[in-house]
Amino acid sequence: MDPLGINGTYLFTPRVHGDERGSFYEWFRSDALQKQAGHALNLAQANCSTSSKGVLRGIHFADVPPGQAKYITCLRGAVLDVVVDIRVGSPTFGRWEAVRLDDETRRCLYIGEGIGHGFMALTDDATVVYLCSEPYAPGREHGVHPLDPEIGIEWPGDVEPLLSPKDAQAPTLAEARRTGLLPDYQNCLDYYAALG
């Protein structure tokens, strides 16, 4: 696992073993994640989404504690997966990073609690699965607008983004900060330490 530039995010590229029969790879190892993140991923829910090309989901996050850590991979097709540091007080607040997850490299992304997450489908029938540390709880789930110019995510320009009504009405990062919606960086660090 390799850390990204935002504290609490890691990229994993598995070794894929292939022959004339097909392929095999380990897409999740609890021990490897625990070694890097300093704590295990408490598996509470597993999700699967299928999206048409151009579908943009996110930027989503949950209240911390307990937040919702995610371990994500793309089983079919390809997505541009994006993490955004929305933790107020973080040295990388407002910064984003993008990685391509697809059915060729089989890369996986770990996103710690309190970090914003979203993705855009780069192909039709893009199938994404993710393991979650906490179950979905509507009262704790929030979002910031994925097209917020202040964040400035460079989504692919060859297709019109298709957002859900909820994501299209999400506040900007500045609005979410002003209303106290965003997680606090120190609270997140304290929560990470308590998990270890």
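Procedures and definitions
- Residues numbered from 1 in each chain as written.
- Predicted model: local features only at pLDDT ≥ 70, side-chain atom pairs only at ≥ 80, totals over all residues.
- Heavy atoms only, no water.
- Helix = DSSP H or I, 4+ residues; strand = E, 2+ residues; numbered from the N terminus.
- Polar contact = N/O pair within 3.5 Å; in protein donor to acceptor, adjacent residues only side chain to side chain.
- Contact = heavy atoms within 4.5 Å.
- Core = buried A, V, L, I, M, F, W, Y, C linked by side-chain atoms within 4.5 Å.
- Buried < 20%, exposed > 50% of the residue type's maximum accessible area, 1.4 Å probe, protein only.
- Pairing = 2+ DSSP bridges.
- Salt bridge = Lys/Arg side-chain N within 4 Å of Asp/Glu carboxyl O.

**Student:** Is there a simple way to think about the side chain of Thr-9 in this case?
**Tutor:** Mapped onto the elements of the fold, Thr-9 is located in strand β2 (residues 9-12). At 2.6 Å, the side chain of Thr-9 forms a polar contact with the backbone oxygen of Ile-6. Filtering out sequence-adjacent residues up to four positions away, Thr-9 remains in contact with Asp-2, Pro-3, Leu-4, Val-83, Tyr-110, Ile-111 and Ile-115.

**Student:** Sorry, what's going on with the nonpolar core here?
**Tutor:** Nonpolar side chains tend to gather and get buried jointly when the protein is soluble and globular. The biggest cluster of nonpolar side chains holds 22 residues, and the ones touching the most others in it are Val-79, Val-83, Leu-101, Leu-109 and Val-128. Looking at this core, the elements with two or more residues in it are β7 (70-76), β8 (78-84), β9 (96-102), β10 (108-111), β11 (116-121), β12 (126-132) and α4 (185-195). Among the elements that make up this core, the one with the highest residue count is β12 (4 residues). In contact with Leu-109, not counting residues within four places along its chain, are Leu-4, Tyr-10, Leu-11, Lys-70, Tyr-71, Ile-72, Asp-81, Val-83, Val-99 and Leu-101.

**Student:** Mind showing me how you'd approach the sheet that holds β7 here?
**Tutor:** Backbone hydrogen bonds hold the strands of a sheet together, and the pairing may be parallel or antiparallel. Spatial ordering of the open sheet is given by β1-β2-β10-β7-β12-β5, a layout of 6 strands whose pairing is antiparallel. Only two strands of the sheet have a single neighbouring strand rather than two, namely β1 (2-3) and β5 (45-51). For β7 and β10, the ladder comprises 4 bridges, and the chain directions are antiparallel. Bridge pairing links Ile-72 to Leu-109 in β10.

**Student:** Which parts of the structure should I look at to understand the pattern of salt bridges?
**Tutor:** A side chain of one charge can pair with a side chain of the opposite charge if their charged atoms are brought near each other. Following the criterion strictly, the structure yields 8 salt bridges and no others. Arg-100 is paired through a salt bridge with Asp-102; the nearest N and O atoms lie 2.9 Å apart. By relative accessible area, which is 41% here, Arg-100 ends up partly exposed. One connected set of salt bridges, linked through shared partners, spans Glu-26, Arg-29 and Asp-31.

**Student:** Would you mind going over the pairing of β10 with me for this structure?
**Tutor:** Where a strand is regular, its side chains alternate between the two sheet faces. Here β10 shows two buried faces, one formed by Cys-108 and Tyr-110 and the other by Leu-109 and Ile-111. When β2 meets β10, the two strands line up antiparallel, connected through 4 bridges. Looking at the pairing, Thr-9 lines up with Ile-111 of β10.

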